[in-house]
Amino acid sequence: MELRRQDKALLLIGLVIIALVILNSLVFYFRADLTENKAYTISGVSRDLVSKLEQPVRLTYYVSGKLHNQMPQIQGISDILYEYARMSQGKVEVRILDTDGKEDQLRPENYGVQSQEFQVVEKNQVANTLVYTGIVISYLDATKVLPVVTNPASIEYDLTSAIRGLANKKGAVLGVLSGGTAHDNTSKITNLTAIFQK
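A brief look at the structure comes next. Everything quoted here is computed from the prediction, not taken from an experiment.

Here is what the cut-offs are and how they apply
- Residues numbered from 1 in each chain as written.
- Predicted model: local features only at pLDDT ≥ 70, side-chain atom pairs only at ≥ 80, totals over all residues.
- Heavy atoms only, no water.
- Helix = DSSP H or I, 4+ residues; strand = E, 2+ residues; numbered from the N terminus.
- Buried < 20%, exposed > 50% of the residue type's maximum accessible area, 1.4 Å probe, protein only.
- Areas by Shrake-Rupley, 256 points an atom, 1.4 Å probe, with all protein chains shown as cover.
- Expected span 1.5 Å × (residues − 1).
- Contact = heavy atoms within 4.5 Å.
- Core = buried A, V, L, I, M, F, W, Y, C linked by side-chain atoms within 4.5 Å.
- Arc of directions from axis to C-beta.
- Phe/Tyr/Trp six-rings, centres within 6.5 Å; stacked < 30°, edge-to-face > 60°.
- Salt bridge = Lys/Arg side-chain N within 4 Å of Asp/Glu carboxyl O.

1. Focus on the overall build of the protein
Point 1. Helices and strands together make up the secondary structure of the protein, namely 7 helices and 5 strands.
Point 2. Secondary structure of the protein in N-to-C order comes out as α-α-β-α-α-β-α-β-β-β-α-α.
Point 3. For the protein, with 198 residues in total, the buried portion stands at 26%.
Point 4. Working note: accessible area of the protein is about 14,000 Å², and carbon and sulfur atoms make up 55% of it.

Written out as structure tokens, the structure is:
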């Protein structure tokens, strides 16, 4: 009978520990990126940018559900988008829209997302179908489109550049450095200025 009490006590202690772990996970969120090159962790530059945004940014990812089985890396793109939202302190909103069967309603092409013909295997048959995997970035009244996104390894650079461009609303800066006298270069610089102002 003494053994039974010990077993009950151990069982009770085990259940209490499990309950505490579950409660802890509800209060404290912990995530570890165990990939070799930290593929799902955004850089400090990107974290700083999204945490200092003055207005919210919306990232709308148009993706065909058929691609999830054919291209597993598509889930990595969603994970990175959610990482931006997590690091933004509420300044980045992520929407993921499955375009399968809803192309007429969603009209991704209207936003600049390009369709691609892709071979999919369904019910032991190979078929060509149009698929989407593109991101529309909206900030205030401006938008930028990443028309085709298939590689999670390059998406951070593209997203951060687009968000920075929309948030700063500054044009590109061109610097020209040349030798010679100032008189020789004045007409060349004037010509370059006229070309880039068009």
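2. Thoughts on helix α4 (residues 73-87)
Point 1. The first and last C-alpha atoms of α4 sit 21 Å apart over 15 residues, in line with the 21 Å expected at 1.5 Å per residue.
Point 2. All of the buried residues in α4 are I74, G76, I77, S78, I80, L81, E83 and Y84.
Point 3. In the core, the buried residues of α4 are packed alongside α2 (44-51), β1 (57-63), α3 (67-70), β2 (92-98), β4 (125-139) and α6 (152-168).
Point 4. Positioned one or two residues after α4, Q89 has a phi angle of 55 degrees, which is positive.

3. Here we look at the nonpolar core
Point 1. The biggest cluster of nonpolar side chains holds 28 residues, and the ones touching the most others in it are L59, Y84, I135, I137, L159 and I163.
Point 2. Ignoring any residue separated from it by four or fewer positions in sequence, one finds I135 in contact with T60, Y61, I77, L81, V113, K144, V145, L146, V149, I155 and L159.
Point 3. Core analysis: the second largest hydrophobic core is formed by 5 residues, Y62, V113, Y132 and V136 among them.

4. Here we look at α2
Point 1. Buried residues of α2: S46, L49 and V50, and no others. Viewed along the axis of α2, the buried residues span an arc of 90 degrees, placing them on a single side of the element.

5. Re the packing of aromatic side chains
Point 1. The full count for this structure, using the stated rule, is 1 aromatic pair.
Point 2. On the basis of an interplanar angle of 15 degrees and a centroid distance of 5.8 Å, the ring pair of Y62 and Y111 is categorised as stacked. With Y62 in strand β1 and Y111 in the loop between α5 (103-106) and β3 (115-122), this pair connects stretches of sequence that are 49 residues apart.
Point 3. A relative accessible area of 44% places Y111 in the partly exposed class.

6. With respect to the pattern of salt bridges
Should their charged atoms come close, side chains of opposite charge can pair.
Point 1. Tallied over the entire structure, the rule returns 2 salt bridges.
Point 2. The salt bridge involving R58 is made with E93; its shortest N-O contact spans 3.3 Å. Within this pair, whereas R58 is found in strand β1, its partner E93 is found in strand β2, the two being separated by 35 residues in sequence.
Point 3. In this structure, the salt-bridge partner of E83 is R86, at a minimum N-O distance of 3.2 Å. Of this pair, E83 and R86 are both found in helix α4, 3 residues apart, which corresponds to roughly one turn of the helix.
Point 4. Looking at E83, the relative accessible area reads 3%, which means it is buried.
Point 5. The class of R86 is partly exposed, set by a relative accessible area of 40%.

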